[in-house]
Structure formats: C-alpha cells, structure tokens
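Structure at a glance
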Amino acid sequence: MTAADVVAELDDLAVHFPTRAGVVRAVDGVTLAVRRGETLGLVGESGSGKSTAGLALLRLVDPTSGRVRVAGADVTRWSRRRLRGMRRHVAMVFQDPQASLDPRRTVGDSIAEPLTVHRLAASAAARRARVAELLDLVGLRAETADRHPHELSGGQRQRVGVARALAGEPDLIVLDEPIASLDLSVQAQIMNLLRHLQRDLGLTYLFIAHDLAAVEHMSDRIAVMYLGRIVETGPPERIYRQPAHPYTAALLSAVPVADPRVERERRRIVLTGDIPSPVDPPGGCRFRTRCPRARDECARTDPALAEVGPDHRAACLFPLDGEPDRDGGPAREDVPAA
Amino acid sequence: MSATTERTARRVLDALRRDPLAVGGTVVLVLLVVVGVAGPWLAPAGVNDVDVDQMLRPPSGAHPFGTDELGRDVLSRVLVAARVSLQVGAVSVGIALVAGVTLGLLAGYYRGWLDSVLMRAMDVLFAFPVLLLAVAIVAVLGPGLLTAMVAIGVVYTPIFARITRAGVLSVREQVFVRAAVSIGASDLRIMRRHVLPNIAAPLIVQTSLSLAFAILSEAALSFLGLGIQPPAPAWGRMLFDGRGFVTDAWWLGVFPGAAIFLTVLAFNLVGDALRDVLDPRQLTLAEARRSTP
C-alpha cells in the first residue's frame, strides 16, 4: 500500500469542543486512511465521534491537534478560502436528505451548485446537460431538476443528495449514515445505487454507520469507533467472524439473525449503561466501564491499536481470540449471556 | 424567479383576498400610490397658490378640504404631500432594509467579535427613543427631506438587523448550509443564495410595518420643523402649521391627520395580514384566543 493509494487520511486527529460542561473530546486520537477505490466502513454508537471524524476529513470542523491530508496535501491549517478548492475532491452525503437540500431551490439548482462553484460547466446549457446526466446516474428523470425537495419522496431526495455529491467528480465521498433516516424498503434501493455507482465510476467511500449490519455487504475494511477512538479495524471477514475487541463483539451480537432458531439460541452480549460522557472519558481503556471482560489492568493502561491478524488491529489488552462464532458472538465464560 | 416563489406569491394573494381588512388596506395603498404618482395632476389648485381673499375658509364646493391661513387649497396640498410621504417611507425603509440586512447577515453568519460589536451598536441605536435619535441626526446634518430620510433609515436599521440576525442564526445551523460549505461555496454565495431566501418572510412583514412607522416619523419630524421645509407640502408640516387654528379651522388639522392615519393603518393591516401568511409561527390574536381552552 503506497501513499499514492491514500485519497484522504486523518493522522492522530483530535477534535475537542469547548462546552459549558467541559471540553468534549469528540475525536481523540484517530488515525484513518481511506484508500482509492475502497469502501471504508466507520461504525460506532452515537457519541462515538464517527460523524465528527467524517466532518474532519472535509475540514468542516477544526482539528484540535493531528493532521488531515487530502489528495496528498496537508490541509490541517488551510484557510476557509483555500479549502474551497479542496472541497471538490471530497464530497459528502448527509443523513437527512430533506434537511440537506435547500427547500427554496430546485433539485437542479442543488445538483448544479458544485458545477457553478468550481466552474465545471462552460455554459448554462452544459450545466443543464450535466445535471440531466447526473440525475440519470442516480435513477431519476431529467424533469426532476425543476422540482423542489418537498415534492420528492425520501428516497428520491437522497438520490438527489448522491447526485450532488457526484457532480464534482470527487476522489472521496463521505457517506454520513446515508440510509439511516430512510424507510426500510428504500434503504436497500439506496444501498444498491451506491454499490452500482461505485462499481461503474470507481468511487471511494467512507461509509459512516451506527451498526455493523449496515456496512457489512458494502465495506472493504471496517473501523469501529468508541468514545472518540478507533478500537478495532480490519477486513470485514475478520471483523464479522473473529472480532478481537469486546466492543465489536457486543455490536455484532446486537445484529439480529434472520434464522429464528439461531436467534433464540444465540447468546447476546448486552452492554450495560450508556456510553460514558466524552467530556470525562474513563482513564485507562475507555471501554472498561462497560466491558464484560474488564480487569484491574484495564484501568491503568490505555491500550493502543495492535496487530491481531492480517490487516487486523485492535486496541485491547485482552483481545478475544475465540472460534469464529458469528451467530452467538464469541462464546466465553466471562461474557454474561442475556 | 423559481416555482417556489411563484407558489408562495399565489398563496399570499389567496390568503390576502380572504381577509377583508387586508383587502381594505391594499385598496387604500393602491389609491395612495396613484395619488402619490398623479397628485400634482389630480390637485384642483396649485399647492402654493396663495389667495388672501380665501383665507381659512371651511370646506366648500370650491375647496372640499377648505383653505389654510394663506388661502391655499388644503385638498391640493394633502394630495401632493402623499408623494413626499411615500418617498420618505420607501427611501428610509430602503436604507434601513439594506443596512440592517447587511449588518444582520454579517453578525449572524460570522458571529464572534463582529457580532458583538455590530449588535451592541444596534442596541445603542435601539435604546434611543425613535424621535430623539432622528432629531439628533437632523440636528447634525441639518433639516431637509434627504436628512429626514437618512435619519429615519438609521433609526429603523436596528430592527432589521435584529430580525435578520435571528433568522441567520437559525438558518446557518441547517444541514443545507453545511452542505453548501462542503461543496465549496463562498460565504457570500451562501448568504445570498441559501440564507437570505430562507429568511425573506419576516423581512417582508417588517418592511410593510416599518413603512407605516417611517411615514409617521416623517410627519413627526416635519411637525417639529425638521423634515420637509416650507412651502413644500408635507402632512406633518401641515398639522404643525394648523395647530394655531385648531379651534377656528378644524379642517387644517383633520385632513392631513386623516391622511396620515389612513396610510399608517393601511400599511399596518397589510403588514399584519402578511405576517399571518408568511410567518405562521406568530399567532394572531384570534388564533391565540382559539387555541386557549
């Protein structure tokens, strides 16, 4: 893997927000590289910092420390003005397509905005033609350009969001829970659309999701976040079959299994309590307060990401090494079954 | 403009048609504009045609609104003065709108120290009684029509700045603004294309209401002798000149006063109706009564 293959990366990035309650450590030392042509699934509960990490890749939030590199350039300290040129290279699809489209502008206006801003169309006619082409790419008719967002269904709106993201031919598209606010029946359609577009156009995705099920069939690599840190990263076949971090195992056991017999029999790891406050994360391992396997050492040592298999790393002092056991999660005696 | 704008316009017109007060207000405003444009031609006599034989005559066939202390035809002066009132209203509210919206956009969009400085300055302006501030500005710049318009414009700038800032603060947190930033749109583009169109409704309402108050302020300034200078006719100035004859010649005060009253009332009725349609969060009195058990 050479540097040229990395389209965007975060290097030991921290994003802290000062609030009245104290400093929120939304992202606290995340290193992440997205490679050309892949889908990197970034998974975590709400409050894990996954969305903030995604926004940091577009420099939509200001890093507290660490580096952000896009297309080989260190953009960490770039001014707002200078960043505008960079923004063509990284596009974003937002969770709520209704909120992310200006209600007063037509679909065509919204899709054409990157073309206008970056002067990618020679004329108004060329812009219209490109908008029609983009609409076709996402499976919408050219006439949709004259509609307003409120005249479209949720799925159609998200297609518009995708078309807008494609307009500048970006190197990377950050998908921030792109299907989470859609009806179940529409979710599959949008997933298929994203998959086909990636295959046909050679796109690179950072796919942010709050559960592992959403990214399973899509990702080439998975990174799991917890309280502002990446706790495990690896290829999906390792993450799903042999998770090394107890948190990943817990997330996996929350994914329902379609077979009712298996579903009844399998053991589920139920995490107790809420995710701790990112204002005051626990010392040592951040997961220890909810970890069924926590020991005294976990309070003393903050584990770094360490190799547990090929291209597979986990930040745990006592990583799981159980048999592949997708249905029940790693079966261990010290994991309480619900 | 876009289909949304057209649809909004149609919705507004439909709603206004159903509101008899708004229809009345609109009719008065239309008449007022006609008079404002055609006043000098509609007037039966010249505004400064002095006729010492006809001083202080009550309303009659020849002079429907009577004559003043110089024998000038009051009807003609009231009609011609409409133009000045509308002009002052339009120009001063125009100044307030442009200045207030610009300052409010900058304050709300950039926040930080710029916001603090701009809005504290607006607070200072806002804290002065309207007329006192206008008088102070006129005192510095010297009396006259232009000064009066600038003074009134400055006085009404803070209200537009505040309304704009409040709107910007809520719109700029919307995801579509973040989406525009993520695309690489410039701040100016985001303010013009995304923020402003989404806060237009309260600004339109405030504009129509401010027009009424601006005309009232001009009348007050002219009454104090700080606005339009004689012999040019202005409603406020006519009230001032007629104050010495209140007991003998009621028509000198009643007709210009009625003109001010009707104009302000019409702008207010239309403004209130617009608010009901465009800014539905603000309950009308009738709706508020209905919603309370």
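Here's a quick rundown of the structure. Here the structure is a predicted model, which is why all the values come from computation and not from measurement. (Residues numbered from 1 in each chain as written. Chains lettered and ligands numbered in written order. Predicted model: local features only at pLDDT ≥ 70, side-chain atom pairs only at ≥ 80, totals over all residues. Heavy atoms only, no water.)

So, about the interface of chain B and chain A. Tallying the contact residues gives 23 residues for chain B and 25 residues for chain A. Of the roughly 2,100 Å² buried at the junction of chain B and chain A (both faces included), carbon and sulfur atoms supply 55%. When the buried area of chain B at its contact with chain A is split by residue, R178, S182 and I183 of chain B rank highest and sum to 27% of it. In this assembly, chain B and chain A are joined by 10 residue pairs in polar contact (both at pLDDT 80 or more). Examining the composition of the side of chain B that touches chain A, we find that 8 residues originate from one element, helix 7 (residues 175–183) of chain B, more than from any other. Split into classes, the residues belonging to the side of chain B that touches chain A amount to 10 nonpolar, 8 polar and 5 charged. (Contact = heavy atoms within 4.5 Å. Buried area = accessible area lost by both parts, 1.4 Å probe. Polar contact = N/O pair within 3.5 Å; in protein donor to acceptor, adjacent residues only side chain to side chain. Helix = DSSP H or I, 4+ residues; strand = E, 2+ residues; numbered from the N terminus. Nonpolar A, V, L, I, M, F, W, Y, C, P; charged D, E, K, R; others polar.)

Looking now at the sheet that holds strand 3 (residues 39–43) of chain A. Residue and element names in this part refer to chain A. Ordered by their spatial adjacency, 8 strands build an open sheet running 6-7-8-3-9-10-12-11, and the pairing between neighbours is mixed. Each edge of the open sheet carries a strand with a single partner, namely strand 6 (90–93) and strand 11 (306–309). Pairwise comparison of adjacent strand axes, ignoring direction, gives a mean angle of 25 degrees for this sheet. With 3 bridges connecting them, strand 11 and strand 12 (residues 312–314) associate as antiparallel partners. Residue pairing in the sheet places A306 in a bridge with A314 of strand 12. (Pairing = 2+ DSSP bridges. Axes fitted to C-alpha atoms, helices over the stretch in contact; angles between N-to-C directions.)

Going through the model one piece at a time under the given rule, you end up with 6 cavities of 30 Å³ or more. The computed volume of the largest cavity comes to approximately 120 Å³. Put simply, the parts of the chain that give the lining of the largest cavity at least two residues each are strand 6 and helix 6 (154–167) of chain A together with helix 7 of chain B. Its residues assigned to classes, the lining of the largest cavity comprises 9 nonpolar, 3 polar and 3 charged. (1 Å grid on protein atoms, 1.4 Å probe; cavity = no way out; pocket = protein on both sides within 12 Å on 5 of 7 lines; lining within 4 Å. Points joined across faces, edges and corners; volume = space filled by probe spheres on them.)

A few words now on the packing of aromatic side chains. One pass over the structure, following the stated rule, counts 6 aromatic pairs over all chains. Arranged with centres 5.7 Å apart and planes meeting at 85 degrees, the rings of W250 of chain B and W251 of chain B form a pair that is edge-to-face. When its relative accessible area of 44% is taken as the criterion, W250 of chain B is described as partly exposed. According to the relative accessible area criterion, W251 of chain B is buried, its value standing at 4%. Members of the aromatic cluster, connected to one another through ring pairs, are Y226, Y247 and F287 of chain A. Sitting over the ring of F318 of chain A, R295 of chain A keeps its end group 4.0 Å from the ring centre. (Phe/Tyr/Trp six-rings, centres within 6.5 Å; stacked < 30°, edge-to-face > 60°. Buried < 20%, exposed > 50% of the residue type's maximum accessible area, 1.4 Å probe, protein only. Lys NZ or Arg CZ within 6 Å of the ring centre and 35° of its normal.)

On to the side chain of R72 of chain B. All names here are of chain B. By the secondary structure assignment, R72 is in the loop between helix 2 (20–42) and helix 3 (74–110). On the basis of relative accessible area, R72 is assigned to the buried category, the value being 7%. The residues touching R72, leaving out its near neighbours within four places in the chain, are V47, N48, D49, V50, G66, T67, R77 and P231.

The next point concerns the pairing of strand 2 (residues 22–35) of chain A. Two faces belong to every sheet, and in a regular strand the side chains alternate between them. Residues and elements named next belong to chain A. One ladder, built from 11 bridges, connects strand 1 (residues 6–19) with strand 2; its direction is antiparallel. Within strand 2, the residue paired with P18 across the bridge is V23. Here strand 1 hands over to strand 2 after 2 residues, the two strands then running antiparallel side by side.

The subject of this paragraph is the pairing of strand 6 of chain A. Residue and element names in this part refer to chain A. Of the two faces of strand 6, the one holding V90 and M92 and the one holding A91 and V93 are both buried throughout. Bridging between strand 6 and strand 7 (residues 172–176) involves 4 bridges; their strand directions are parallel. By the bridge assignment for strand 7, V93 is matched with L175.

It is worth spelling out helix 7 (residues 184–201) of chain A at this point. Residue and element names in this part refer to chain A. Taking 1.5 Å of rise per residue, the 18 residues of helix 7 would be expected to cover 26 Å, and the 26 Å separating its terminal C-alpha atoms lies within 8% of that figure. Buried within helix 7 we find V186, Q187, I190, M191, L193, L194, L197 and Q198. One side of helix 7 carries all its buried residues, which in axial view fall inside an arc of 160 degrees. What points out from helix 7, more than 90 degrees from its buried face, is the exposed set S185, R199 and D200. Summarising the contacts, the buried residues of helix 7 are in contact with strand 3, helix 5 (124–137), helix 6, strand 7, strand 8 (205–209) and helix 8 (212–215). Immediately beyond the C-terminal end of helix 7, within one or two residues, lies G202, with a positive phi of roughly 65 degrees. (Expected span 1.5 Å × (residues − 1). Arc of directions from axis to C-beta.)

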